[in-house]
Amino acid sequence: GAGVSQSPSNKVTEKGKDVELRCDPISGHTALYWYRQSLGQGLEFLIYFQGNSAPDKSGLPSDRFSAERTGGSVSTLTIQRTQQEDSAVYLCASSLLSSGGPIKQFFGPGTRLTVL
Amino acid sequence: EDKVVQSPLSLVVHEGDTVTLNCSYEVTNFRSLLWYKQEKKAPTFLFMLTSSGIEKKSGRLSSILDKKELFSILNITATQTGDSAVYLCAVWGGAQKLVFGQGTRLTINP
């Protein structure tokens, strides 16, 4: 598969537990993005990695959310002490990047997180 | 703050109808506007527009950008039930990230 992959596809957890969501971008894509999509809503930007530059974390909703990208490839989004309002689909996307912005973003299938 | 607004939020039409979806934006340092189709989870790329007045076309879908009036439209002619989806508009601007609209949920009834 040459596309973006995410795991797990579904995650059910109890309030207060920590969760880790994984994203494998398309090989060679230097930019990686995380978004959150609540039911019936558009995509909410969370965090953006570009090459070796410092990530843009401006969309993270609280300090319970963090993400890292190891070796410029795989990324993990961690949510600590989950709350019910964290329930959403978490989408990862990757792209090449030109000076004019993303050429186009390719999305993974998402992880549906349910916090009970 | 960069903002993207789509209208209508929801649209129900009959198969064979033509639909027009709207996207207006306010962003600093506009670079490009993108349209995506989201049927289940993963949005799939449709078009990227950077220049005003130049129509992008793919089969029954077409899109055009007006940079003066700060909007784009997505047209779908001879709609089919397989066109039912959420259509997302996003803009890449000075904030160096894509800002998405809320999406338009399009339902095509047979």
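The structure presented is a predicted model; accordingly, all values stated were derived computationally and were not measured.

### With respect to the overall build of chain B
Move 1: A tally of regular secondary structure across chain B gives zero helices and eleven strands.
Move 2: Mapped in sequence order, the helices and strands of chain B form the string β-β-β-β-β-β-β-β-β-β-β.
Move 3: Summarising its shape, the C-alpha atoms of chain B cover approximately 40 × 25 × 20 Å along the three principal directions.
Move 4: The proportion of buried residues among the 110 residues of chain B is 46%.
Move 5: When the accessible surface of chain B is summed, it comes to about 5,200 Å², and 50% of that surface belongs to carbon and sulfur atoms.
Move 6: When the 12 positive and 10 negative side-chain charges of chain B are each reduced to one mean point, those points stand 6 Å apart.

### Some words on the layout of surface pockets
Move 1: Within this model, the largest pocket holds a volume of roughly 500 Å³.
Move 2: As for the largest pocket, its lining consists of 22 residues, of which A:Gln37, A:Leu39, A:Gly40, B:Val86 and B:Arg105 are closest to the centre.
Move 3: Secondary-structure elements contributing two or more residues to the lining of the largest pocket are strand 8 (88-95) of chain A together with strand 9 (85-92) and strand 11 (104-109) of chain B.
Move 4: The element that contributes the greatest number of residues to the lining of the largest pocket is strand 11 of chain B, accounting for three residues.
Move 5: Residues of the lining of the largest pocket, tallied by class, amount to seven nonpolar, ten polar and five charged.
Move 6: Within this model, the second largest pocket holds a volume of roughly 420 Å³.
Move 7: Mapped onto the lining of the second largest pocket, the elements with two or more residues apiece are strand 5 (44-50) of chain A together with strand 1 (3-7) and strand 10 (98-100) of chain B.
Move 8: Across the lining of the second largest pocket, the residue classes tally to nine nonpolar, four polar and five charged.

### Overview of unusual backbone geometry
Move 1: Omega for the bond connecting A:Ser7 with A:Pro8 falls within 30 degrees of zero, at -10°, which places this linkage in the cis form.
Move 2: Mapped onto the fold, A:Pro8 is located in the loop between strand 1 (5-7) and strand 2 (10-13).
Move 3: Backbone torsion omega between B:Ser7 and B:Pro8 reads -10°, so that peptide bond is classified as cis.
Move 4: Within the secondary structure, B:Pro8 is located in the loop between strand 1 and strand 2 (10-14).

### Side note on the pairing of strand 1 of chain B
All names here are of chain B.
Move 1: Only one face of strand 1 is covered, namely the face carrying Val4 and Gln6; the face carrying Lys3, Val5 and Ser7 is uncovered.
Move 2: Note: strand 1 against strand 3 (residues 19-26), five bridges, orientation antiparallel. Paired with valine 4 across the strands is tyrosine 25, a residue of strand 3.

### Re the state of the cysteines
All names here are of chain B.
Move 1: Within this structure, the stated rule accounts for two disulfides over all chains.
Move 2: Disulfide pairing places cysteine 23 opposite cysteine 89 at an S-S distance of 1.9 Å. Residues cysteine 23 and cysteine 89 are joined through a disulfide that is left-handed, its torsion about the S-S bond being -65°. Taken as a pair, cysteine 23 in strand 3 and cysteine 89 in strand 9 lie far apart in primary sequence, 66 residues in all.
Move 3: Here cysteine 89 falls in the buried class, since its relative accessible area comes to 0%.

### Description of the sheet that holds strand 1 of chain A
Residue and element names in this part refer to chain A.
Move 1: Strand order in the open sheet formed by four strands is 1-3-7-6, and the pairing between neighbours is antiparallel. One side of each edge strand has no neighbouring strand; the edge strands of this open sheet are strand 1 and strand 6 (65-69). Direction aside, neighbouring strands of the sheet carry axes that sit 15° apart on average.
Move 2: With three bridges connecting them, strand 1 and strand 3 (residues 19-24) associate as antiparallel partners.

### Here's the deal with the pairing of strand 7 (residues 75-79) of chain A
All names here are of chain A.
Move 1: The element strand 7 is largely enclosed, with a buried count of five among its five residues.
Move 2: Alternating positions in strand 7 separate into two faces, Ser75, Leu77 and Ile79 on one and Thr76 and Thr78 on the other, with burial throughout.
Move 3: As judged from the five bridges shared by strand 6 and strand 7, these two strands associate in the antiparallel manner. Across the sheet, residue alanine 67 finds its bridge partner in strand 7, namely leucine 77.
Move 4: With antiparallel pairing between neighbouring strands as the criterion, strand 6 and strand 7 make up a hairpin whose turn holds five residues, including glycine 71 at a positive phi of roughly 60°.

What counts, and where the lines are drawn
Residues numbered from 1 in each chain as written. Chains lettered and ligands numbered in written order. Predicted model: local features only at pLDDT ≥ 70, side-chain atom pairs only at ≥ 80, totals over all residues. Heavy atoms only, no water. Helix = DSSP H or I, 4+ residues; strand = E, 2+ residues; numbered from the N terminus. Buried < 20%, exposed > 50% of the residue type's maximum accessible area, 1.4 Å probe, protein only. Areas by Shrake-Rupley, 256 points an atom, 1.4 Å probe, with all protein chains shown as cover. Lys, Arg positive; Asp, Glu negative; His and termini not counted. Charge placed at Lys NZ, Arg CZ, Asp CG, Glu CD. 1 Å grid on protein atoms, 1.4 Å probe; cavity = no way out; pocket = protein on both sides within 12 Å on 5 of 7 lines; lining within 4 Å. Points joined across faces, edges and corners; volume = space filled by probe spheres on them. Nonpolar A, V, L, I, M, F, W, Y, C, P; charged D, E, K, R; others polar. Pairing = 2+ DSSP bridges. Disulfide = S-S within 2.5 Å. Axes fitted to C-alpha atoms, helices over the stretch in contact; angles between N-to-C directions.

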